[in-house]
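Chain residues, written in single-letter form:
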Amino acid sequence: MTSPSRALEVHMTKPDTSYADANYATGQRPSVSGFCIQTKPIVRPKECKFVVDKVTQSGLIAGTVLDVSQVARGEHADPTQYVAQQAYFDPTAPEFRWLFARAWPHIQAAAQRLGLEENKLTLRECGRLVRYDVGGHFNWHPDCDGLVGRQLSVVVQLSQPADYAGGDLLIMGKEGKWGCADRAQGAVCIFPARAQHRVMPITK
């Protein structure tokens, strides 16, 4: 739980992201490799399909966001912030353990770069598969609001880049740097959970 004053403090420290949007609109697509761990594809296309099929076989639900402005924190729909379908899964389950194991060396490398203690890294949350259809997006946000313990965010690209337009993952670094995560199918991007990032609207 949080007090209104604490929530206001978190909101006030949000960095300016408007210039990243403006530069993106002009066609700029800088890499995030200078301030994120960005891998080449480490998940094969047939493995990406397996993950999608397995996680979505029980269906998808509408995406919700966490409201940190209330004393009683809760999830709610906010189409101005997040429009997507999603499903949660346990990355330590036997059918997904290989995926977690393959990403683990890169997670350790990210922790080392960010000065985190590797022996204190733990998996504290479920995985989430997100599907963005036309008009789907996720506006600027951090994955850690300063009140939860998430340190790193790990994103695996599951779709072929040619299958959609829009949908770029933009991430803000320090000192005004920003960039686009690699869209290659099977590529992994790892970044500080406190970093502002967004998924641009899907247009096709």
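Owing to the predicted nature of the structure, the values given are computational and were not obtained by experimental measurement.

K.L.:
What's the story with the side chain of Ser-153 in this structure? I'm lost.
P.N.:
Among the structural elements, Ser-153 can be located in strand E9 (residues 152-156). Among the polar contacts made by the side chain of Ser-153, one reaches the side chain of Asp-143 at a distance of 2.6 Å.

K.L.:
Explanation requested: the nonpolar core in the structure shown.
P.N.:
One recurring pattern in soluble globular proteins is that nonpolar side chains are buried together. Of all hydrophobic cores here, the largest spans 20 residues; its most connected members are Val-55, Ile-107, Leu-152 and Ile-190. Those elements giving two or more residues to this core turn out to be helix H3 (45-56), strand E6 (85-89), helix H4 (97-113) and strand E12 (188-192). With 5 residues, the single largest contributor to this core is H4. With near-sequence residues (within four places) excluded, Ile-107 lies in contact with Phe-100, Leu-121, Leu-152, Val-154 and Ile-190. Counting residues in each nonpolar core, the second largest holds 14 residues, with Val-32, Tyr-82, Ala-84 and Phe-191 among its members.

K.L.:
Is there a simple way to explain the packing of H3 against H4 in this structure?
P.N.:
Each pair of packed helices can be summarised by the angle the axes make with each other and by the distance between the axes. Close contact between H3 and H4 brings their axes to 11 Å; oriented N to C, the two are set at 125 degrees. The orientation of H3 with respect to H4, classified from their angle, is oblique. Where H3 crosses over H4, the handedness of that crossing is left-handed. In this structure, H3 uses Glu-47, Phe-50 and Val-51 to contact H4, whose residues at the interface are Trp-98, Leu-99 and Arg-102. A class-by-class count of the residues in the contact of H3 with H4 yields 4 nonpolar, no polar and 2 charged.

K.L.:
Could you clarify how one ought to interpret the packing of aromatic side chains in this entry?
P.N.:
Geometrically, a pair of aromatic rings is defined through the distance of the ring centres and the angle of the planes. All told, the structure shown has 5 aromatic pairs when counted by the stated rule. Their ring planes at 55 degrees and their centres at 6.4 Å tell us that Phe-50 and Phe-96 sit as a pair that is tilted. Of the two residues, Phe-50 is situated in helix H3 and Phe-96 in the loop between E6 and H4; the sequence distance between them amounts to 46 residues. Judged by relative accessible area, Phe-50 falls into the partly exposed class, the value being 34%. An aromatic cluster is defined as three or more aromatic residues linked by ring pairs; in this entry it consists of Phe-50, Phe-89 and Phe-96.

K.L.:
When you look at the pattern of salt bridges in this model, what are you seeing that I'm missing?
P.N.:
Close approach of charged atoms allows side chains with opposite charge to pair. This structure, assessed with the given rule, holds 9 salt bridges. In this structure, Arg-44 engages Glu-47 in a salt bridge whose closest nitrogen and oxygen atoms are separated by 2.8 Å. Assessed through its relative accessible area of 45%, Arg-44 is described here as partly exposed. Under the relative-accessibility criterion, Glu-47 is labelled buried at 10%.

K.L.:
Would you mind showing me how to read the sheet that holds strand E2 (residues 61-62) here?
P.N.:
The pairing of strands in a sheet happens through backbone hydrogen bonds and is either parallel or antiparallel. The strand order E2-E6-E7 describes an open sheet built from 3 strands, whose pairing is antiparallel. Strands at the two margins of the open sheet, each flanked by one partner only, are E2 and strand E7 (127-131). Of the strand pairs in this sheet, E2 and E6 are connected by 2 bridges, and their pairing is antiparallel. Following the sheet pairing, Ala-62 is matched in E6 by Gln-85. Of the strands in this sheet, E6 and E7 touch H3, which is tilted by about 95 degrees from E7.

Conventions adopted
- Residues numbered from 1 in each chain as written.
- Predicted model: local features only at pLDDT ≥ 70, side-chain atom pairs only at ≥ 80, totals over all residues.
- Heavy atoms only, no water.
- Helix = DSSP H or I, 4+ residues; strand = E, 2+ residues; numbered from the N terminus.
- Polar contact = N/O pair within 3.5 Å; in protein donor to acceptor, adjacent residues only side chain to side chain.
- Core = buried A, V, L, I, M, F, W, Y, C linked by side-chain atoms within 4.5 Å.
- Buried < 20%, exposed > 50% of the residue type's maximum accessible area, 1.4 Å probe, protein only.
- Contact = heavy atoms within 4.5 Å.
- Axes fitted to C-alpha atoms, helices over the stretch in contact; angles between N-to-C directions.
- Parallel < 35°, antiparallel > 145°, perpendicular 65-115°, else oblique.
- Left-handed = near helix turned anticlockwise from the far one by under 90°.
- Nonpolar A, V, L, I, M, F, W, Y, C, P; charged D, E, K, R; others polar.
- Phe/Tyr/Trp six-rings, centres within 6.5 Å; stacked < 30°, edge-to-face > 60°.
- Salt bridge = Lys/Arg side-chain N within 4 Å of Asp/Glu carboxyl O.
- Pairing = 2+ DSSP bridges.

On their own, these measurements won't tell you what the molecule is for.
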